[in-house]
Amino acid sequence: MKRQQKEPNTIAKKQEEKIDYEVYCQYTRVWIPDPEDVWRAAEIIKDYTEGEPILYLKLEDETPLEYRIGPKDNALPFLRNPDILVGENDLTALSYLHEPAVLHNLKVRFTESNHIYTYCGIVLVAINPYEQLQIYGEEVINAYSGQNMGDMDPHIFAVAEEAYKQMARDERNQSIIVSGESGAGKTVSAKYAMRFFATVGGSANDTNVEEKVLASSPIMEAIGNAKTTRNDNSSRFGKYIQIGFDRSYHIIGANMRTYLLEKSRVVFQAEDERNYHIFYQLCASASLPEFKDLALTSAEDFIFTSQGENIFIEGVNDAEDFEKTREAFTLLGVNDSNQSSIFRIIASILHLGNVEICSERDGDSCHILKNDPHLAHFCQLLGVELEQMEHWLCHRKLVTTSETYVKNMSRKQAANARDALAKHIYAHMFDWIVEYVNKSLHTSSKQHSFIGVLDIYGFETFEINSFEQFCINYANEKLQQQFNQHVFKLEQEEYIKEQIPWTLIDFYDNQPCIDVIEAKLGILDLLDEECKVPKGTDQNWCQKLYDRLSSSVHFQKPRMSNTSFIVIHFADKVEYQCDGFLEKNRDTVYEEQINILKASKFQLVADLFQDTNKDSSISTSSSSKSSRVNVRASKPTPKVPNKEHRKTVGHQFRSSLQLLMETLNATTPHYVRCIKPNDKKEAFSFESRRAVQQLRACGVLETIRISAAGYPSRWTYPDFFNRYRVLMKKSDMTVGDKKLVCRNLLETLVKDPDKFQFGKTKIFFRAGQVAYLEKLRADKFRSACIKIQKTVRGWLQRVRYQKIRKSAINLQRYGRGYMARRYAEQLRLTRAALICQKQYRMVRERRDYLRVRQAVVTIQAFTRGMLTRRIFQEFLLDHKAMIIQKHVRGWLTRRKFRRARNAAITIQCAYRRMRAKRELKQLKIEARSAQHLKKLNTGMENKIVQLQRKMDDQTNDLKTQNEQLVVAKASLGSEVNKLQKELEMMRSRQGDGSQLTSLQDELEKLRAELQEAHTHMKKLEEKHSNEKMGLEQRVEELDRENSMLKSEKEEMNRRILHHSKSTEDQESSASQSVGRVQAELDDERQSYQNLLREFSRLEQRYDNLQEAKFQPGHKRNNSTQSSLESDSNYPSISTSELGDTDDAIQLVEEMGVEKAAMDIGVFMKLQKRVRELEQERKRLQVNLEKMEDQVNCKGIEPKTTSEQESEDLAYSSLKRQELESENKKLKNDLNELRKAIADRASQNSSSNELQDGYNLLFGQLKAANEELEVRKEEVLILRTQIVSAAHQKEETTNHIETNNVPEWTNSKKPIDKEEAVSAYHGLCESKKLLEAQLQSQARKHEDELAAFNTQIELLKDDIEKKQEMLNHTMSLSPEAQVEYSVQQEITRLTNDNLDLKELVEKLEKNERKLKKQLRIYMKKVPDLEVSLTASSQPTKAKPQLTRQVTVQRREKDFEGMLEYYKEDEALLVKTLITDMKPNAVSATVPCLPAYILFMCIRHADYINDDQKVHSLLTSNINAIKKVLKKNNNDFEMTSFWLANTSRLLHCLKQYSGDEAFMTQNTAKQNEHCLKNFDLAEYRQVLSDLSIQIYQQLIKVAEHMMQPMIVSAMLESESIPSLAGVKPMGYRNRSSSMDGEGPGSYTLEALIKQLGQFHSVMGEHGLDPEIASQVVRQLFYSINAVTLNNLLLRKDVCSWSTGMQLRYNISQMEEWLRGKNLHQSGAVVNIEPVIQAAQLLQVKKKTSQDAEAICSLCTSLTMQQIVKILNLYTPLNEFEERVTVSFIRNIQNRLKDRNDVPMLLVDTKHTFPVLFPYTPSALSLETLHIPANLSLDFLTRV
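Residues numbered from 1 in each chain as written. Predicted model: local features only at pLDDT ≥ 70, side-chain atom pairs only at ≥ 80, totals over all residues. Heavy atoms only, no water.

**Considering the sheet that holds strand β6 (residues 78-79)**
And step 1. Judged by pairing direction, the sheet is antiparallel, and its five strands sit side by side in the order β5-β4-β3-β2-β6 without closing on themselves. Strands at the two margins of the open sheet, each flanked by one partner only, are β5 (64-68) and β6.
And step 2. Running at roughly 100° to strand β3 (residues 38-44), helix α2 (residues 99-112) makes contact with β2 (29-34), β3 and β6 of the sheet. (Pairing = 2+ DSSP bridges. Helix = DSSP H or I, 4+ residues; strand = E, 2+ residues; numbered from the N terminus. Contact = heavy atoms within 4.5 Å. Axes fitted to C-alpha atoms, helices over the stretch in contact; angles between N-to-C directions.)

**Let's talk about a negative patch on the surface**
And step 1. Together, E1353, D1357, E1360 and E1364 line one region of the surface with negative charge.
And step 2. Tracing the backbone through its elements, the reader meets E1360 in helix α42 (residues 1313-1371).
And step 3. What makes E1360 partly exposed here is its relative accessible area of 46%. (Patch = residues over 30% accessible without salt bridge, like charges linked within 9 Å, V, L, I, M, F, W, Y side chains within 5 Å. Areas by Shrake-Rupley, 256 points an atom, 1.4 Å probe, with all protein chains shown as cover. Salt bridge = Lys/Arg side-chain N within 4 Å of Asp/Glu carboxyl O. Lys, Arg positive; Asp, Glu negative; His and termini not counted. Charge placed at Lys NZ, Arg CZ, Asp CG, Glu CD. Buried < 20%, exposed > 50% of the residue type's maximum accessible area, 1.4 Å probe, protein only.)

**Topic: unusual backbone geometry**
And step 1. In the Ramachandran plot, V38 falls in the positive-phi region, its phi being about 70° despite a non-glycine side chain.
And step 2. In this structure, V38 sits in strand β3.
And step 3. Residue classification places V38 among the buried residues on the basis of a relative accessible area of 12%.
And step 4. You will see that E62, though not glycine, has its phi angle at about 70°, which is positive.
And step 5. By the element assignment, E62 lies in the loop between β4 (54-59) and β5.

**Focus on the packing of aromatic side chains**
One pair of aromatic rings is described through two measures. These are the centre distance and the angle between the planes.
And step 1. The final tally for this structure, using the stated rule, is 37 aromatic pairs.
And step 2. Aromatic side chains F467 and F581 sit 5.6 Å apart centroid to centroid with 90° between the ring planes, which places their arrangement in the edge-to-face category. Of the two residues, F467 is situated in helix α14 (residues 467-497) and F581 in helix α18 (residues 581-586); the sequence distance between them amounts to 114 residues. F581 matches F467 in its accessibility class, with the two residues each being buried.
And step 3. Look at Y1676 and F1807: their rings are 5.3 Å apart centre to centre, the planes differ by 80°, and that puts the pair in the edge-to-face class. Of this pair, Y1676 sits in helix α52 (residues 1664-1687) while F1807 sits in the loop between α58 (1780-1790) and β28 (1835-1836), placing them 131 residues apart in sequence.
And step 4. Residue classification places F1807 among the buried residues on the basis of a relative accessible area of 13%. (Phe/Tyr/Trp six-rings, centres within 6.5 Å; stacked < 30°, edge-to-face > 60°.)

**What about the pairing of β2?**
And step 1. Examined bridge by bridge, β2 and β3 share six bridges and lie antiparallel to one another. Bridging across to β3, I32 finds its partner in R40.
And step 2. As paired elements, β2 and β6 share two bridges and run antiparallel to each other. Within the sheet, the bridge partner assigned to V30 lies in β6 and is L79.

**Brief notes about empty space enclosed by the protein**
And step 1. One pass over the structure, following the stated rule, counts 15 cavities of 30 Å³ or more.
And step 2. By volume, the largest cavity amounts to about 270 Å³.
And step 3. Lining the largest cavity are 17 residues; nearest its centre among them are K1405, R1408, P1486, Y1491 and S1816.
And step 4. Looking at the lining of the largest cavity, the element that brings in the most residues is helix α43 (residues 1374-1431), giving four residues.
And step 5. Across the lining of the largest cavity, the residue classes break down as nine nonpolar, three polar and five charged. (1 Å grid on protein atoms, 1.4 Å probe; cavity = no way out; pocket = protein on both sides within 12 Å on 5 of 7 lines; lining within 4 Å. Points joined across faces, edges and corners; volume = space filled by probe spheres on them. Nonpolar A, V, L, I, M, F, W, Y, C, P; charged D, E, K, R; others polar.)

**Some thoughts on the pattern of salt bridges**
And step 1. Using the criterion set out here, one finds 33 salt bridges in the structure.
And step 2. The shortest N-O distance in the salt bridge between R169 and D170 comes to 2.9 Å.
And step 3. You can call R169 partly exposed: its relative accessible area is 31%.
And step 4. One salt bridge in this structure joins R1543 and D1663, with 3.4 Å as the shortest N-O distance. Taken together, the residues span a long stretch of sequence, with R1543 in helix α48 (residues 1531-1550) and D1663 in the loop between α51 (1643-1659) and α52 at a distance of 120 residues.

**Remarks on the sheet that holds strand β22 (residues 573-577)**
And step 1. Read across the open sheet, the three strands follow the order β20-β21-β22; overall the sheet is antiparallel. Each edge of the sheet is formed by a strand with only one pairing partner; in this case those strands are β20 (555-556) and β22.
And step 2. In the sheet, strand β21 (residues 564-568) pairs with β22 via five bridges, with the strands oriented antiparallel. Bridge pairing in β22 links S564 to Q577.
And step 3. Here helix α17 (residues 538-549) sits on the sheet and contacts β20 and β21; the angle it forms with β21, its principal contact strand, is near 40°.

**A look at a positive patch on the surface**
And step 1. On the surface, R894, R895, R898, R899 and R901 cluster together into a positively charged patch.
And step 2. As for its placement among the helices and strands, R894 is situated in helix α28 (residues 769-928).
And step 3. A residue is classified by how much of its surface remains accessible, and R894, at 47% relative accessible area, is partly exposed.

**Points about helix α11 (residues 373-382)**
And step 1. Those residues of α11 that sit buried are L375, F378, C379, L381 and L382. Relative to the axis of α11, the buried residues are bounded by an arc of 165° and lie together on one face.
And step 2. Contacts from the buried residues of α11 go to α10 (336-353), β15 (366-368), α12 (386-392), α13 (411-441), α19 (591-598) and α20 (603-608).
And step 3. Of the residues flanking the start of α11, the one acting as N-cap is D372, its side-chain oxygen 3.0 Å from the backbone nitrogen of H374.
And step 4. The positive-phi residue at the C-terminal boundary of α11 is G383, with phi of around 70°. (Arc of directions from axis to C-beta. Polar contact = N/O pair within 3.5 Å; in protein donor to acceptor, adjacent residues only side chain to side chain.)

**Digging into the packing of helix α45 (residues 1465-1474) against helix α47 (residues 1506-1526)**
And step 1. Across the interface, α45 lies against α47 with an axial gap of 10 Å and an inter-helix angle of 35°. In terms of crossing hand, the pair formed by α45 and α47 is right-handed. Judged by residue contacts, E1465, L1468, V1469, I1473 and T1474 of α45 engage K1508, S1511, L1512, S1515, N1516, A1519, I1520 and V1523 from α47.
And step 2. Here the contact of α45 with α47 is composed, by residue class, of seven nonpolar, four polar and two charged. (Left-handed = near helix turned anticlockwise from the far one by under 90°.)

**Regarding the pairing of strand β7 (residues 117-120)**
Regular strands place side chains that alternate from one sheet face to the opposite one.
And step 1. Across the two faces of β7 the burial is the same, with Y117 and Y119 and T118 and C120 all buried.
And step 2. As paired elements, β7 and strand β8 (residues 123-127) share four bridges and run antiparallel to each other. In the strand pairing of β8, C120 is matched with V123.
And step 3. Where β7 hands over to β8, the hairpin turn is made up of two residues, of which G121 adopts a positive phi near 70°.

**Comments concerning the confidence of the model for the protein**
And step 1. Confidence in the prediction for the protein averages 77 pLDDT; 76% of positions are at 70 or higher.
And step 2. Confidence, expressed as mean pLDDT per element, reaches its minimum in the protein at helix α44 (residues 1437-1452) with 33 and its maximum at helix α7 (residues 277-284) with 93.
And step 3. Predicted confidence for residues 1153-1164 stays below pLDDT 50, and this span has 13 contacts to residues more than four positions away or in other chains.
And step 4. Across residues 1625-1638 the pLDDT falls below 50, and counting only partners more than four positions away or on other chains, this stretch makes 41 contacts in the model. (pLDDT = per-residue confidence, 0-100.)

**Focus on a nonpolar patch on the surface**
And step 1. Taken together, the side chains of I788, V792, W795 and L796 define a hydrophobic patch exposed on the protein surface, amounting to about 400 Å² of accessible area.
And step 2. Mapped onto the secondary structure, L796 falls in helix α28.
And step 3. When its relative accessible area of 43% is taken as the criterion, L796 is described as partly exposed.

**Structural notes on the nonpolar core**
And step 1. Formed by 327 residues in total, the largest nonpolar core has its most connected members in F197, I523 and F565.
And step 2. Per-element tally for this core: the top contributor is helix α50 (residues 1576-1611), with 18 residues.
And step 3. Residue contacts for F197: discarding those within four places in its chain leaves A160, A163, Y164, I176, G202, I243, F245, I251, I451 and V453.
And step 4. W715, Y717, C742 and F756 belong to the second-largest nonpolar core, a separate cluster that totals 20 residues. (Core = buried A, V, L, I, M, F, W, Y, C linked by side-chain atoms within 4.5 Å.)

Pasting the structure below:
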């Protein structure tokens, strides 16, 4: 390493040893010096040759200039970089590295693109924008976290991330050195760096160390920052903060070191400056009650705060800042007592400044006014004696070896001593606060590494420079030396790593200047020596400097002053005034005043000054002989102070600076240089003179010079090949080795081998060579463009010539045609004239002829008409007479016909009545016969045959009985004769046959009733038909009205279409309102789910703490405590809370409402109790309404007769008995059939025959069952008739027996008794049959009538709704009508879409289920083949088949429940949840564990075991949580349990018994509903658990995709050879990127990953709606990450990137369409990226382009659009940059937008998830449990 000392101003102007004069040709652009703008752009207008004295230039305003060149004038001007390199992120990427290029690049980036950060090698240059920028949010931190430094745009976060990564990778401590002059933004930059570390490396536990580190900033700003003329928040001290990290690189603590507090500001401020902020903050809050004792008023009333004459800062509220300061004190653990003590000390300093010291007459002494209020307040606030303080403020003690003197002080001396005391108090308070902050940030954990942030003052030079500026510039000299050495070291490492020959580079070494300051007998040594002299003065010290250091080149004596000196620093010459150096170096304060403070009654005040002798030297100067007063020789001789106690400020500062340098040298430094662009604090205003001064002072230009001395431009081989392959020949492209191709190309293009070097991975270029290559590339493109233009212009000229020739030919043709047409027209006119003459003459003659002819014809017509009318009148009279005759004759004939017809009708009626009587008599006879009954019971032949057989048997019995009766009759004949005689005697007495008459009357009544029944039936039929006709007419009317409404609707639709163009704005407003409502709903869901996520995070943290707490030993939980209380998210699901909630109410009464409201458990209990009471109230209300309806119905319905009730009961009992018997028969038949099937299967040899036989028998069985049902109904009806007939027979027999029997036998008209009884019974049976038919028909008619009424009501409601809609629509304005109709149509389409979507989902589910079953059956095929093979063996397979049939018989009785023992619950949870692997159930029904768990829950509900239900659900939920916690990075496991948890939730809803969830259930599923328990609370818990699993699933998926998104979407070349490459700077070759860059992912890899996610979710049976929401969220993440990187990377904002991005997005959309996810909302989420890609490709020149951009980019905010336009980078010279005026035009057009002021997209945003209810079509009894699950302990119920 070679060091060289140079003047700073000549460093940047050094030229290369070999000057290439050829580049100074016409049109070359250069930089020339300018007194105002430092550098000015110009263009060479004439080629320059070596030796010419004048260079002819043209300025930018076209002004010519003759620039003189020579040894005495100027050197050749600096060359300008190509426009394509202007605005680069890294200054080292510039081809020409010099001061004007650096200054111009910074100015362009700052003023035009508003970029405040720029890299300069390893240095980050930060320019203060004097404006709040939205580039420091958490989204920006997340975007820079994990990124390489050169991948993103320059930012303070990039430097912080680089330091964090190097600390983790290299296991080496890091430092970030932030420097710059006052007002440049050092404090803000350091604050943002610490914020980055706090966010990225947050503490792993709940100590919140990162918050405490950030909280130290407002405290240090309050006590250490002040307003200066250059900065409103200037740090008046330096600080070095070490942030400690553990081995996991989480923050565990911090430590702060401060340097050189500006104590003089406490007592003095220049004009327009302020004291430290804490004084003004305390005064602004003086009105608070707790500060009444401080006796403070406005800051204007105190001398120490009013010397600057302006106590306010624009835009700053001191009272609010004071609240932040107090909050920071509290967060750091400073209790209220210490805070009040601090504020008392600060207030006491203000009062001390207002203590008025009055001079005595002699001028050598002074005094303080009695009852001075400020002194009293000072002593009261500090707790010291008033008299002592008053005395020692005006006196001082002088101690000699033998005596002690008390000396009076003059007014000036006393005032100086008072100010020194105030500074001393403030300095000690400052040190105490810093020490307390360090104590609160200290940690007991072992620190693994640290990152230090140094916020120190930059190089300062003012009109009057004193001791403070000297120390500041001394520190900057040391830092600059360390910076130069580090830059040189990095350059050397780069060369060695790439195996480039290392050459010595000259760089400026400021060690001689440092020696002048700190070497032996240097400035600081001489200053300390002068301070030891009793009567040392500043003038004596200055004279010693002149004598000792005049020989040094870095020290000068001013010509016009003997009290100042000049030090030539690395940045500039600085003149220091010697006045005050000794006093400030001594930092003198009187011991007596300190002793008074030590005796304070306040402990904090006393503690501040216990070690005061260690920190400052106490004045012990001997007194003069003339000022002896009050000699006290009795005191002992004091001890001489130790040398350590006499350390001066300069010595302390040098020691602390040396310690700082040792710390920095032991770390890897990172540099941030802050630049102040102007002194007026104007936003984005750049003053070149001020900027270049700071650039020279902060070492940026030295970095440039070191880089330019070697090979500053560096390209990787692939980038160089892609950029400059246009310069290669076609033969070179065939070589496969790109390194060899690049080597051959460079050796061809650049003849001088010293201009470049080939490294291992890069090519190194000298300064200017990249510009030369860019020129060759541009020339190549230019020649190609010229050739293209030549060809295109030739083609255009040929096309133009052909058009002209064709036009000439067309003109000639049309001209000749026109002439020919004119000649033909003339001939045509001549001929026409002749024809006209001929025709005119003919017409004239013909007109005369026609006139005469018309007159003759008219006369003939009138004559003939008169004759014809006469003849017509005669015919008319004859016709009328004929009509009269016709009508009279017809009337006579009709009257005769009616008489004859009436007579015939009378005869017919009489005859028909006679025929009817005969038929009636015949019917009566037939009614008595059994044949009639056969007719009535047609269709029952088989049963009648059976009954006939029974009747035959009974007939035989009857014959035997008759024979017995004949014998008995013969024996009783005599008795009959006797009885006949008696009967005749009685007849004579009683009359003739009254009994028979009554029986006949009864028969007549029955016949009348039968007739009435027939009549009633006919009436009912007529009424039904009439009602049916009326309903049909009503339906027709409704159809007509419906058609009319449809026509009106169509008319409205036509009107809507007609007005659609004028209502686009209203539609957009409507859609926006809907969007707002939806957004509000989503926000509510989002807030709830965010709270849930936060609760889950806190619960996780609690679990971690519990594990950490109980890790050493084991602690047994309380047996009464539910496990759910510790693991579940909702405390309301404990055992006590699931039971009675009276305890909760009692707890509220005991705790009070306010405390109970803060207890979430009590709150949830009360909420559950209120919900239960509300449900109970609703249930009672419904029951009451039902009872009232039943009472009303009972009051209205007529009471049925007891006879009908008995018949119904009889019918029901008979039917039940018959069904039971038939059921037994069917079971027996079924068993026989199965046995027969089994026997036949054992006999058959092939499975086909078995299947055919089975099908045949099954068909026969089905037919038999149908026939059996028919016969069963017939038998029931017959049995009912027989029973009723038996009852009637008994009644009739009893009735006959009660009367006198002889009346029947001895009547005059004997009647057959059996025939009469059978006729009576037949009539009764007919009556009952008719009544039954009538009742069934009536019920049927009533049902139809009710259905029709319901349909009518529905149609009425529909019509009323449509009428209301129509009326409402007609009452609106046309625009509102359109909007309303559109909303209705949208609603209808949405409902239809949802229905169709549900149908599709059901079909898909059925398809998946069938596929699963098919796979299962395919697996069972081999087993079936084996069984069939075994069945072919006789006598062996038969028992086996019988057993299989028996198993199937039991399977059919399976009710979908699984029973387990209580002790097997842990095994069940372990098997189904803890040890479950997704691939174990991959070939079964999706979500099988959820179904199994629910079947277990069903059985626990079935046996009414609430403890079992509670225990099972609780253990399941906790086990799922533990599995997810264990596999928190496994997407497959998370997806598996999300699907199962949601399915278990759906099962709890589907089988809950709630009608809202049972609409799609089958009858069998409704039978499986829960019977005893309402698990609504658990449904809520499972819903919340599903949300947590969903959020974990999104987190895992995003974590897996995160490293792929940027590479796949922005960096991979999906379209080959499209992306361009630009020159890159130092950051893209930084060592931090070597070997650890992200993998090169392609778009195919990203799409493949998405496909894997989707397929995994589909295989696990996750609901399609949830899967679509997952895809939607992932696409949002892709959009956010891509757009954020696009907004933070200048290198990807180009046209080619826009093309690549659009292609990639189209591929993503194609994937969505292929997966049928295009309607999931994912495309909407990537709309911002789509518009950003379009923005990169559209034209950006005219106002029309601006208008198009504003209408195109609706999803991008104004900040994002402007940022992309600012970042847009042309990849070659033929593209144009976006002008500033165009960007301003865009901003003006978009300023009315109500966009959220957001630059980056929130990558942490999560859409609220919706879990739609999707019932399962799977029946629980059909579920098959695989044997590999080892669930043998479960019993199927």
